[in-house]
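# Reading the structure
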Amino acid sequence: MREGNTGGLLAAWADRWLPRLVLAPSVAASLVFVYAFTLVTAYLSFTPSALVPRYNFIGLARYRDLFGNDVWWTSVSNLAQFAVPFVVLSMGVGLLLALLLDQRIRIEGALRAVYLFPLALSQIVAGTAWQWLLNPSLGLEKTMQSFGWTGFRLSWLGDSDMAIYCIVVAAVWQCTGFVTALFLAGLRGVDDEIVKAAQVDGATLPTIYRRVILPTMRPVFFSVLLILTHLAIKTFDLVVALTAGGPGTSSWLPTMFMYTFAFERGRLGIGAASAVMMLLVVVAVLVPLMYLESKATRDV
Amino acid sequence: MKRLNTGLVSALTLALFASAACAEELEVLHYWTSGGESKAVGVLKTDVEKRGHVWKDSAVAGGGGANAMTVLKTRVISGNPPPAVQMRGPSVQDWAEQGALVDLDPVSKSWDKELPPQIAKVLQYKGKFYSAPHWVHRVNWMYINKAALDKVGGTVPKTYPELFALADKMKAAGIIPIAHGGTPYHDGVFFEGIVQSMGADFYRKAILEGDQATLASPKMVEVFDILRKSQSYFDPGIQGRPWNLAAAMVIEGKAGMLFMGDWAKGEFTAANKVPGKDYVCAARPGTEGMFTFIADGFVFYKAKGQTAATKGQQDLASIIMSPEYQQQAAYFKGAIPARTDVSVANFDDCAKKSAADMQGSMKSNLLVPSMNQGTTEATLGAIRDVVTKFMNSTQDSKSAADALAKAVKSAG
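All figures in this text were calculated on a predicted structure; none of them were measured in a lab.

With that out of the way, let us pick up the overall build of chain A. Helix and strand counts for chain A stand at 13 helices and 0 strands. Sequence-ordered secondary structure for chain A, helices as α and strands as β, is α-α-α-α-α-α-α-α-α-α-α-α-α. The C-alpha atoms of chain A give 25 Å as radius of gyration, which overshoots the globular expectation for 300 residues (19 Å, by more than 25%). Oriented by its inertia axes, the alpha-carbon framework of chain A measures out at about 70 × 65 × 35 Å. By residue count, 32% of the 300 residues in chain A fall in the buried class. Long-range contacts, defined here as pairs at least 24 residues apart, represent 70% of the contacts in chain A between residues at least 6 apart.

Written out as structure tokens, the structure is:
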């Protein structure tokens, strides 16, 4: 009996403390490495930091510098030009592939793997591969011309107006498989009974998808949107590998701006200010989305 | 036997280190990693080891030194800077101002006499030397393929209109007139040559001093006009092309002219091309007699609690400035010695012209820092942003000049 008691006490203690104990290191780590560093960065954006950090407060001067910088605004408008088609295309193509895969087809497993594969590559690798593919004298253009389609032109990489869409293409290629997997998981999570009930009521397959299945997948749409949006804002390696921001500054993104100014040009203050702006954008986009999502789940 | 040997060797090594009274480990952070550069570094390493110090090589390749500078910043912030670091430009003064560097007073007494005053100036802070120059590069070079030049019966252009006339002839003969690499870096190098063609004073005021009125002046608009016209002589495949591939186009005769500093000569030499016979090196149009330099040097960081240069740092600095090293290193690097009293008799004709022009420009005060040497990273980046944007868009020259003034102001 006594043994059982101590065992019980121990178990109760473990129940209470073990989860906290196990989580403590990662909580501590993220407190320091995520939140503390975020605060330091935010503070640096109010200092005259140049080559190395300096800690005297000078107010909003760095933000004035940032907002007066043409390259920053180029980067911001590029982000919009990149993020919107990237998110829309990834979701659209991803959903389409998921719907097709959902038809209980043969070798579904193999196809899923194929679609997911690009995500296993780092952005640097994907960027370099696409740089070759889109290079007029090496890649697609050359191939098509050697097949006999001599009028074929694909010189987006060297075109200031189109270079940003090269990044869209590469990013969509890389992320669509992942989106497909998420949607497929969502589709499979829909209760068969509901589908059968709809069939009994005489609904056709498109109607079932449109009126029954897709509406129940609302949380999945939110998750995908969240993931893709923050991926778009974070995109960096892909640009570096694919266009290096060029031609000129026509495919710079805010991430590249932040890295270049903070680390290459010795303007830590402006770099920090741009990082804070990116954080604010992420918060501005994600917080309403998350709120809507939690509200939606509560309403269901 | 093998084991015995190893034992013997290590015993000898130990004895050797023990005998060198002031053996010191010298960690050297640099970004000289290409063929000629590593040869030059090899010379330095041997000399340093001869004095009984241990050379610890920290080469950080890539980014034209940007990566090495990033490493440097993190090391300084964490309180563990390398004792010797390759550096150029106003960073020397920036770091000296922060009190991070040791001055070279103990070994630099005679440097003022040995270096051109314009070069000495960029190595000093408050009258003291903080950087030891390895060599001097000249940036305002242009290289012309001799066969292409002869084919169209042209002469070396002295002005931009002459250049365009020659370029038209080359175009008609099926030669790409100007080999260019579409990177912000090469764009900047090309651009500064045009600014310099407007006169050394204009260049100094606009680029080195960042004078707003000069930057937005009609002359600067003219600079952008020339830049726009020059672009029509590039080939379509320039996007992202590194400058050495552009050099290869001139070497192979596919293109006529290359605008790049004298480090590009290494590509010609490696392809067994002889100046005067296979190619012509000349000052860029409108910059004859001017010498725009880059002086790569070593600066020396303080360790914790250190106030003056250690014996090892002093030795390293004095080796760098020794006539023997100056001659050998500059030869390997494809540059010229920073010291004016070192002979360049065994150098090629381009380097000889370079050395003669340095002497001449020193007296006529046309010896000016190149844009890469004379502007901060922030200003340099800002100028390149504007230039490369102009070259990759249909922006008009007037608004580009205004944008340049604005960008330089906000970077300053």
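Another aspect to go through is the overall build of chain B. A tally of helices and strands in chain B yields 20 helices and 12 strands. The C-alpha atoms of chain B give a radius of gyration of 23 Å, which matches the 22 Å a tight globule of 412 residues would have. Taking the principal axes of the C-alpha coordinates as reference, chain B spans close to 70 × 50 × 40 Å. The proportion of buried residues among the 412 residues of chain B is 51%. Of all intrachain contacts in chain B linking residues separated by at least 6 positions in sequence, the fraction that spans at least 24 positions is 77%.

By size, the foremost hydrophobic cluster in this structure holds 129 residues, and its most contacted members are Y143, M257, L258 and L404 of chain B. Composition of this core by domain shows at least three residues from each of domain 1 (24–138 + 294–353) and domain 2 (141–292 + 369–411) of chain B. Leaving out residues up to four positions away in the same chain, L404 of chain B has contacts with L215, M220, I383 and V386 of chain B. Of all hydrophobic cores here, the second largest spans 57 residues; its members include W72, A163, L242 and I270 of chain A.

This part covers helix 9 (residues 205–216) of chain A. For helix 9 of chain A, built from 12 residues, the straight-helix expectation of 16 Å at 1.5 Å per residue is met to within 8% by its first-to-last C-alpha distance of 15 Å. Along helix 9 of chain A, only 1 of the 12 residues are buried, which leaves the element largely exposed.

Right, let's get into the sheet that holds strand 8 (residues 176–179) of chain B. All names here are of chain B. One open sheet holds the 4 strands; their spatial order is 8-9-7-10, and the pairing between them is mixed. One side of each edge strand has no neighbouring strand; the edge strands of this open sheet are strand 8 and strand 10 (279–283). Neighbour-to-neighbour, the strand axes of the sheet open up by a mean angle of 20°, direction not taken into account. Direction of pairing for strand 7 (residues 141–145) relative to strand 10: antiparallel, over a ladder of 5 bridges. Among the inter-strand pairings, N145 is bridged to a residue of strand 10, identified as Y279.

As a further point, take the domain arrangement of chain B. Residue and element names in this part refer to chain B. Here chain B is partitioned into domain 1 (24–138 + 294–353) and domain 2 (141–292 + 369–411). The straight-line distance from the C-alpha centre of domain 1 to that of domain 2 is 28 Å. Element by element, the count of residues in the side of domain 1 that touches domain 2 is highest for helix 17 (residues 349–364), at 3 residues.

So, on to the interface of chain A and chain B. Of the residues lining the interface, 24 residues belong to chain A; the matching set on chain B comes to 22 residues. When contributions to the side of chain A that touches chain B are tallied by element, the ones reaching two or more residues are helix 3 (70–101) and helix 12 (254–264) of chain A. Element by element, the count of residues in the side of chain A that touches chain B is highest for helix 12 of chain A, at 3 residues. For the side of chain A that touches chain B, a count of residues per class yields 8 nonpolar, 11 polar and 5 charged.

For the rest of this paragraph, the subject is the environment of G153 of chain B. Note that G153 of chain B resides in the loop between helix 7 (146–151) and helix 8 (160–172). In sequence terms G153 of chain B and A167 of chain B are 14 residues apart; their C-alpha atoms lie 12 Å from each other.

What follows is about the packing of helix 2 (residues 35–50) of chain B against helix 15 (residues 311–320) of chain B. All names here are of chain B. Helix 15 packs onto helix 2 with a crossing angle of 130° between their chain directions and a minimal axis gap of 10 Å. With respect to helix 15, the axis of helix 2 lies oblique. Regarding helix 2 and helix 15, the two cross each other, and that crossing is right-handed. Mapping the contact onto sequence places L44, D47 and V48 in helix 2 and D315, L316 and I319 in helix 15.

A separate point is helix 10 (residues 218–234) of chain A. In a regular helix each residue adds 1.5 Å, so 17 residues correspond to 24 Å; helix 10 of chain A covers 24 Å between its end C-alpha atoms and thus fits that length. Within the span of helix 10 of chain A, buried status applies to V220, V224, L228, A232 and I233 of chain A.

So, about the pairing of strand 1 (residues 25–30) of chain B. Residues and elements named next belong to chain B. Pairing between strand 1 and strand 2 (residues 54–59): 6 bridges, direction parallel. Residue E27 lies in a different strand from strand 2, and its bridge partner there is K56. Summarising the sheet, strand 1 and strand 3 (residues 84–87) pair through 2 bridges and their orientation is parallel. In the sheet register, L29 faces strand 3, and the bridge partner there is V85.

A separate point is unusual backbone geometry. Unusually for a residue other than glycine, R104 of chain A sits at a positive phi of about 50°. Inspection of the secondary structure assignment puts R104 of chain A in the loop between helix 3 and helix 4 (108–120). Within the chain, N272 of chain B stands out as a residue other than glycine whose phi angle is a positive 60°. Secondary-structure assignment places N272 of chain B in the loop between helix 14 (265–270) and strand 10. Overall, N272 of chain B belongs to the exposed group, with 8 C-beta atoms counted inside 10 Å.

All names here are of chain B. One way to put it is that helix 19 (residues 377–391) packs onto helix 20 (residues 397–411) with a least axis distance of 8 Å and a crossing angle of 160°. One way to sum up the angle between helix 19 and helix 20 is to call them roughly antiparallel. When the axes of helix 19 and helix 20 are compared, the crossing they make is right-handed. Two secondary-structure elements touch here, helix 19 through A378, T379, A382, I383, D385, V386 and F390 and helix 20 through A400, A403, L404, A407, V408 and A411. In the contact of helix 19 with helix 20, the residues fall into 11 nonpolar, 1 polar and 1 charged.

Let us now look at the environment of W73 of chain A. Position of W73 of chain A among the secondary structure elements: in helix 3. Taking the C-alpha atoms as reference points, W73 of chain A and A241 of chain A, separated by 168 residues in sequence, lie 22 Å from one another.

Here the focus is the confidence of the model for chain B. All names here are of chain B. Here chain B averages 90 in pLDDT, while 94% of its residues score no lower than 70. The element-level mean pLDDT for chain B is lowest in helix 1 (residues 2–19), coming to 46, with helix 12 (residues 218–231) highest at 97. Low pLDDT (under 50) marks residues 11–21, which in the prediction has 2 contacts with non-local residues, meaning those over four places away or in another chain. Overall fold confidence for the complex sits at a pTM of 0.83, while the interface term, ipTM, reaches 0.75.

For the rest of this paragraph, the subject is the environment of Y279 of chain B. Residue and element names in this part refer to chain B. Locating Y279 in the fold gives a position in strand 10. You can call Y279 buried: it has 25 C-beta atoms within 10 Å. In the structure, Y279 is positioned 72 residues away from A351 in sequence and 14 Å away in space, judged by C-alpha atoms. Contact partners of Y279, with chain neighbours within four places excluded, come to Y143, I144, N145, K146, F268 and K273.

Reading the values: rules and limits
Residues numbered from 1 in each chain as written. Chains lettered and ligands numbered in written order. Predicted model: local features only at pLDDT ≥ 70, side-chain atom pairs only at ≥ 80, totals over all residues. Helix = DSSP H or I, 4+ residues; strand = E, 2+ residues; numbered from the N terminus. Rg over C-alpha atoms; globule rule 2.2 N^0.38 Å. Buried ≥ 20, exposed ≤ 12 C-beta atoms within 10 Å, placed from the backbone. Contact = placed C-beta atoms within 7 Å. Core = buried A, V, L, I, M, F, W, Y, C linked by C-beta atoms within 7 Å. Domains from an automatic or database assignment. Expected span 1.5 Å × (residues − 1). Pairing = 2+ DSSP bridges. Axes fitted to C-alpha atoms, helices over the stretch in contact; angles between N-to-C directions. Nonpolar A, V, L, I, M, F, W, Y, C, P; charged D, E, K, R; others polar. Parallel < 35°, antiparallel > 145°, perpendicular 65-115°, else oblique. Left-handed = near helix turned anticlockwise from the far one by under 90°. pLDDT = per-residue confidence, 0-100.

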